[in-house]
Amino acid sequence: MSRFFSSKYKNLVPYTPGEQPKDTQYVKLNTNESPFPPSQKAIEYASDAAKKLHLYSDPECRELVKIASDNFGVDKDEILFTNGSDEILNFAFMAFCDSAHPAAFPDITYGFYSVFADLNGVPYEKIPLNEDFSVNVEDYIGINKTIFLANPNAPTGIALSVADIERIVSSNPDNVVIIDEAYVDFGAESVIPLIHKYNNLIVTQTFSKSRSLAGGRLGFGIACKELIADMNTVKYSTNPYNVNSMTMATGVGTLLDDEYTKENCLRIAENRQWTTEKLAEIGFSFTESKANFIFVKHEKADGKEIYLKLKEKGVLVRHFDSARLCAYNRITIGSREQMQIFINTLKEVLEEIL
Ligand code: PMP
C-alpha cells in the first residue's frame, strides 16, 4: 500500500475473482461461463461496430435499450445497461444504501455484495441461510433494510419462488429490494413483471452466463423509472460511456438471436441433470440447483483435496475456503464433453483419495 492510499480504503478487502489461468489448458468449470461461443449475429454486429471505435459509445445505449425493452416487456426508461451486472449492483449500493438504509443479504451468497458495501462505507447485516442453504424468507419480512438477494443464489444454485420474493418486496415498501438474476435463465423464474407492481424492486441480469458474453461485460437493471433515474444519476457521475460500442452491438446481436440463448440454456439444464445423476452414483450429494453450476460434496472425500487433485489433472472447479463451505466444490456446467471429462477425472481422483 502506498502512503497516498486514502484512509477510507485502507482496510478494504477486494473481491477475489475465480482463477483465469493462461498457462495450462484446463477444462474450465470454475467461473460459470458458458461453454458455448457468442451467437454468430453477436460476433457480426461486434465486428461492424469495431469500424466506428473512433467515436464515443452512445451513453443512452438507445438501440440496445429499444430491443431489450421490447424483449422484457418494459418501457425504455425502466432499463439501464452497465459494464457487467457488477456495475449495476455497485450503482445500487451507491444509490440506495447509507447508514439510514443499511444493506442486508445472506451470509452465503455472491461475495461482491460485502465488498461493494465496504467500498461505499455502507453498514450491512449478513443473514444466515438455513442449515440446508435455503433462504429463510421470514428473516427478510419487514426488516427495513436495502435487501440484496441472488436468485438463484450463488454458490448454492437454490432459487426462491416468485411468491416468496413478492412477500419480501411487499413487506419492505420503504426500502429497495435488489434481486440479482445472474443465473435465472437456467431454470428459475424472473420477477421482472413485478416491477410494474412495486416501485421498490430492482431486477438485475447479465449477458455473462446464459448469453455467452462474459468477456463483453454487459449487464442491466430493470425497475420503475424513478429508481432507474437515480442509478443514472450515479452512472453519469462516474462513467457516462460505461458500455463500449462493440459490447453494445454484441448485446443487440445477442438479443436478436434469442433462440440461440434459449437452446443453450436447455442444453445446460440437460447437462446439469446428467452430471448430477453421475455424481449421485459415486457418492456425491448436492443442493437443488437452478443455475449453470452445482454445489456438491462427497460423503467421504475432502472438498479441498478433490479440488486440488482435479486441478492437477487439468480440471478447474471452484473451492471456497470458509468453514461452512469447505466440504463443497462449485462446478460450472459445461458442454457434455467437458462434463464427461470431469466425471472421468473425478473417478480417478476418488480412487486415489479413498
Ligand atoms: N451476480 C452473481 C450472483 C454472480 O455470480 C456474478 C458473476 N460473478 C455477477 C452477479 C456478476 O456478473 P457480471 O458482472 O459478469 O455480469
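All of these numbers come straight from a predicted model, not from anything done at the bench.

Within the secondary structure, Thr247 is located in helix α7 (residues 245-256). Owing to a relative accessible area of 7%, Thr247 belongs among the buried residues under this scheme. Ignoring any residue separated from it by four or fewer positions in sequence, one finds Thr247 in contact with Gly216, Arg217 and Leu218.

Attention shifts here to the site of the ligand. With respect to spatial proximity, the complete set of residues near the ligand consists of Gly84, Ser85, Asp86, Leu89, Tyr110, Asp180, Ala182, Tyr183, Thr206, Ser208, Lys209 and Arg217. The backbone of Asp86 places a nitrogen or oxygen atom 3.1 Å from an oxygen atom of the ligand. At a separation of 2.8 Å, an oxygen atom of the ligand approaches a polar side-chain atom of Arg217. Protein chains shield 91% of the accessible area of the ligand, which is 410 Å² for the free molecule. The pocket occupied by the ligand, as judged from atoms lying within 2 Å of grid points, is the largest pocket. The leading source of residues in the shell around the ligand is helix α3 (residues 84-96), at four residues.

Our focus in this paragraph is the layout of surface pockets. Space inside the largest pocket adds up to approximately 1,300 Å³. In terms of lining residues, the largest pocket is bounded by 50 residues, among which Tyr15, Thr16, Tyr110, Gly111 and Arg318 are the most central. Taken together, the elements giving at least two residues each to the lining of the largest pocket come down to α3, β3 (103-106), α4 (112-119) and β4 (124-127). At four residues, the largest contribution of residues to the lining of the largest pocket is made by α4. Of the residues belonging to the lining of the largest pocket, the class tally is 22 nonpolar, 16 polar and 12 charged. Approximately 370 Å³ is the volume found for the second largest pocket. What lines the second largest pocket is a set of 14 residues, and nearest its centre among them are Ala49, Glu63, Ser245, Met248 and Ala249. The biggest single contributor to the lining of the second largest pocket is α7, with four residues. Tallied by class, residues from the lining of the second largest pocket come to seven nonpolar, two polar and five charged.

Conventions used here
- Residues numbered from 1 in each chain as written.
- Predicted model: local features only at pLDDT ≥ 70, side-chain atom pairs only at ≥ 80, totals over all residues.
- Heavy atoms only, no water.
- Helix = DSSP H or I, 4+ residues; strand = E, 2+ residues; numbered from the N terminus.
- Buried < 20%, exposed > 50% of the residue type's maximum accessible area, 1.4 Å probe, protein only.
- Contact = heavy atoms within 4.5 Å.
- Near = heavy atom within 4 Å.
- Polar contact = N/O pair within 3.5 Å; in protein donor to acceptor, adjacent residues only side chain to side chain.
- Areas by Shrake-Rupley, 256 points an atom, 1.4 Å probe, with all protein chains shown as cover.
- 1 Å grid on protein atoms, 1.4 Å probe; cavity = no way out; pocket = protein on both sides within 12 Å on 5 of 7 lines; lining within 4 Å.
- Sits in = over half its atoms within 2 Å of the grid points.
- Points joined across faces, edges and corners; volume = space filled by probe spheres on them.
- Nonpolar A, V, L, I, M, F, W, Y, C, P; charged D, E, K, R; others polar.

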